[in-house]
Amino acid sequence: MYSFGRQSTGDGMSCVNKAKSFDIPKREVWEAFKSVKANQGAAGVDGQSIQDFEAQLAGNLYKLWNRMSSGSYMPPPVRRVEIPKANGGTRPLGIPTVADRIAQEVVRRYLEPFLEPVFHEDSYGYRPRHSATDAIRTARQRCWRYDWVVDIDIKGFFDSIDHELLLRAVRKHTKCTWVLLYIERWLKAPAMLEDGQLVPREKGTPQGGVISPLLANLFLHYAFDVWLGRAFRGVPFERYADDIICHCRGEREALALRRILDQRFTECGLVLHPEKTKVVYCKDTNRKGEHAIHQFDFLGYTFRPRRTKWRGELYGVSFVPAASPKALKAIRQAIRRLSLQTRSDKTLDDLARMFNPHIRGWVNYYSHFYRLAMYPTLRRIDIFLIRWHAANSSACGISRKAHGDG
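Residue numbers here run from 1 along each chain, matching the order of that chain's written sequence. Whole-chain, interface and lining totals are the exception, using all residues; otherwise, since this is a predicted model, local features are given only for residues with pLDDT of at least 70 and side-chain atom pairs are given and counted only at 80 or more. Side-chain numbers come from the whole structure's heavy atoms, not from hydrogens or water.

**Student:** In this structure, what is going on with a positive patch on the surface? I would like to understand it.
**Tutor:** Patch definition: residues with relative accessible area over 30% and no salt bridge; like charges joined within 9 Å; nonpolar side chains (Val, Leu, Ile, Met, Phe, Trp, Tyr) joined within 5 Å. Every accessible area reported is derived by Shrake-Rupley at a probe size of 1.4 Å, with residue values counting cover from the shown protein chains alone. The working definition used for a salt bridge is a side-chain nitrogen of Lys or Arg within 4 Å of a carboxyl oxygen of Asp or Glu. Positive: Lys, Arg. Negative: Asp, Glu. His and the chain ends are not part of the count. Charge coordinates come from a single atom per side chain, which is NZ of Lys, CZ of Arg, CG of Asp or CD of Glu. Together, K329, R336, R337 and R380 make up a positively charged patch on the protein surface. Every helix listed is a DSSP run of H or I at least four residues long, and every strand listed is a run of E at least two residues long, numbered separately from the N terminus. Counting residues per element, the positive patch draws most heavily on helix α11 (residues 325-338), which supplies three residues. By secondary structure assignment, the location of R380 is in helix α13 (residues 375-405). Think of it in three bands: residues with accessible area under 20% of the maximum for their type are buried, residues over 50% are exposed, and the middle band is partly exposed, with areas taken using a 1.4 Å probe on protein chains only. In this structure R380 comes out as partly exposed when scored by relative accessible area, which is 34%.

Set out below in C-alpha cells:
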C-alpha cells in the first residue's frame, strides 16, 4: 500500500476516534484514489488533472484525509458542462475536482455495502454484478410474457432529486456522522458555469459525481421500486438509474399505472415527461389486438415487432430488441469522425490498434440481440477500409514510379 503520513490506528471505518473527529482510515483514501485514477476523467474547477494531483500524491492525499477526518473538508463547486444528447439537446454534467472525486469515492465505498443488499434485484444501473445487457435481456423475456409496457421517462431526474427526501433515505441506512455530513455538503455545493458564475443548488445531485449514481439509486429505490411493489403488486420492471420499463398483462392495468405514476412522482418532487412516457403494446404474431404505439427505446435498443426465425425453420413476428436507429446513427457519425480512409500514412496493424477498441465496444454491446440490425452500419467500416487500401495502393504506385524515373 502507498504510504502517506502517519498510519491510522483504526481497524475499520468507525465514525470517531480519539485523535480526529472522525476515524477515516488512510487506506480508504488510498483505495479511493486508485479507483478514481482508473476511471480517469476531466479536471474540475481548479484545472487540476489526475496527473497533476499525482505529481504531489502523498501531500495531496494526506491533506484530503486530514480535512475529511477533522470535519473541515468543504467540497468545491462542480464544473458544469453541457454534453450533447442524441435528440439534439444537451444534458448538464457536473465535474468535481480530482480531490473531491476521491472524497466521494471514500463515502461511496463506505455506504455501498449497506445499500447493495437492500436494492431491488431489477435495479441494474451502476451496481456490481448488474449490467445494461442484463436489464435488456430481462426486458426482452418479459415482453414475451406480458402484452403491455409502460415506458417511463423522468424529466431532468438528477437535477430534480429532493434533498430532504434523499437525506431521509440515507439516514435510514447509516447513522455515521461524517457520511451524512459530507453527503449533505455535496448536495449543496454550487455549480460553476463556463463564465465563472456560481449557481446555487437547492435540489438535485450532479450527474458526473462519483457518489451521485448511488444516491440516485437510493432515491428511486423508495420513490419507485418499493412503492410499485405495494401499489401494483405483480407488475415487474427493469430500472437502469432513471430509465424504467414496467410490464402489465392488460391495457387497463397499464393505463392505470401510467395515471397513478404522475401522482406518485409529483409527491416525490419528480415530473414525468408527458410525451416520452407512454403505454406500448408488445405486438407479435400471436397478439391480434391493435394500439397506436408498438415500440419503445431502452438503453440504446429499440424494442418492436420484427420478423424472426422460430423453431422448426418457421418464421414469424416477435417483439424483440435491436440496436436503436439513434444508436446506429451515432455509430455512423463516430465512424466518419475516425476518418479511417484518410490514414494513408498508417499500416493495417496501426489501424487495428487505433480503431479496434471502438469497433469492439460497439459489437460487444449491440450484438447481443438481433445483431442483423448492426450489419449495414458496420459495412461502412469495410467501405472505408477499401478506400484506405485504394489510396495506399495509389500512393505506393506513384512512389514506385517516381523512384524508377530517378
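What follows continues from the structure just given.
**Student:** What is the right way to read the pattern of salt bridges from this model?
**Tutor:** Working definition: two side chains of opposite charge can pair if their charged atoms are close together. Using the criterion set out here, one finds 21 salt bridges in the structure. The partner of K37 in a salt bridge is E54, and the shortest N-O contact between them spans 2.8 Å. Note that K37 is positioned in helix α1 (residues 26-39) and E54 in helix α2 (residues 50-55), a separation of 17 residues in sequence. Judged by its relative accessible area of 33%, K37 falls in the partly exposed class.

**Student:** Can you walk me through helix α10 (residues 251-267) in this structure?
**Tutor:** Counting along an α-helix, one turn takes 3.6 residues, and residues three or four places apart therefore face a common direction. What a helix is expected to span follows from its residue count: subtract one and scale by 1.5 Å. An ideal rise of 1.5 Å per residue puts 24 Å on 17 residues; α10 measures up with 25 Å between its terminal C-alpha atoms. Two axes enter the bend calculation: one fitted to the seven residues ending at the residue in question, the other to the seven starting there, and the bend is the angle between them. Approximately 25 degrees is the largest bend angle found in α10, and it occurs at L261. Of the residues making up α10, those classed as buried are A254, A256, L257, R258, L261, R264 and F265. Any two residues whose heavy atoms approach within 4.5 Å at even a single point are treated as in contact. Its buried side turned inward, α10 meets β3 (148-153), α9 (212-231), β7 (243-248) and β8 (278-281).

**Student:** What is the right way to look at the sheet that holds β3 in this model?
**Tutor:** The pairing of strands in a sheet comes from backbone hydrogen bonds and takes either a parallel or an antiparallel form. In this description, strands pair whenever DSSP reports at least two bridges between them. Strand order in the open sheet formed by four strands is β6-β7-β3-β8, and the pairing between neighbours is antiparallel. Lying at the two open borders of the sheet, with one neighbouring strand each, are β6 (237-240) and β8. Strand-to-strand, the axes of this sheet are offset by a mean angle of 20 degrees, without reference to chain direction. Where β3 meets β8, four bridges bridge the pair, whose relative direction is antiparallel. When the bridges of β8 are listed, W148 appears paired with Y281. Note on method: axes are straight lines fitted to C-alpha atoms, helices fitted across the in-contact stretch only, with angles between N-to-C directions ranging 0 to 180 degrees. Across the sheet, α9 touches β3, β6 and β7, and the angle it forms with β6 is around 170 degrees.

**Student:** Looking at this structure, how should I read the sheet that holds strand β10 (residues 301-309)?
**Tutor:** The three strands are arranged β9-β10-β11 in an open sheet whose pairing can be described as antiparallel. Whereas interior strands pair on both sides, the edge strands pair on one side only; in this sheet they are β9 (296-298) and β11 (315-323). With direction set aside, neighbouring strand axes in the sheet form an average angle of 50 degrees. Two elements, β10 and β11, share nine bridges in a ladder whose sense is antiparallel. Bridged to F303 within β11 is P321.

**Student:** Could you clarify how one ought to interpret the layout of surface pockets in this entry?
**Tutor:** Any empty space left between atoms is shown by rolling a water-sized probe over those atoms. The definitions used throughout rest on a 1 Å grid laid over the protein atoms alone, on which a cavity is an enclosed set of points accommodating a 1.4 Å probe that cannot get out and a pocket is an open set flanked by protein within 12 Å on both sides along at least five of seven lines; lining residues are those having an atom within 4 Å of a point. Grid points are joined across faces, edges and corners, and a volume is the space filled by probe spheres set on the points. Its volume calculated, the second largest pocket comes out at about 250 Å³. Around the second largest pocket, the lining is made up of 13 residues, and of these K63, L64, R67, Y73 and A99 lie nearest the centre. Of all the elements in the fold, those that place two or more residues in the lining of the second largest pocket are α3 (57-70) and α4 (98-115). Ten residue types, Ala, Val, Leu, Ile, Met, Phe, Trp, Tyr, Cys and Pro, are classed as nonpolar, four, Asp, Glu, Lys and Arg, as charged, and the remainder, Gly among them, as polar. Residue composition of the lining of the second largest pocket, grouped by class: six nonpolar, three polar and four charged.

It is worth stressing that arrangement in space is one thing and function is another; only the former is reported here.
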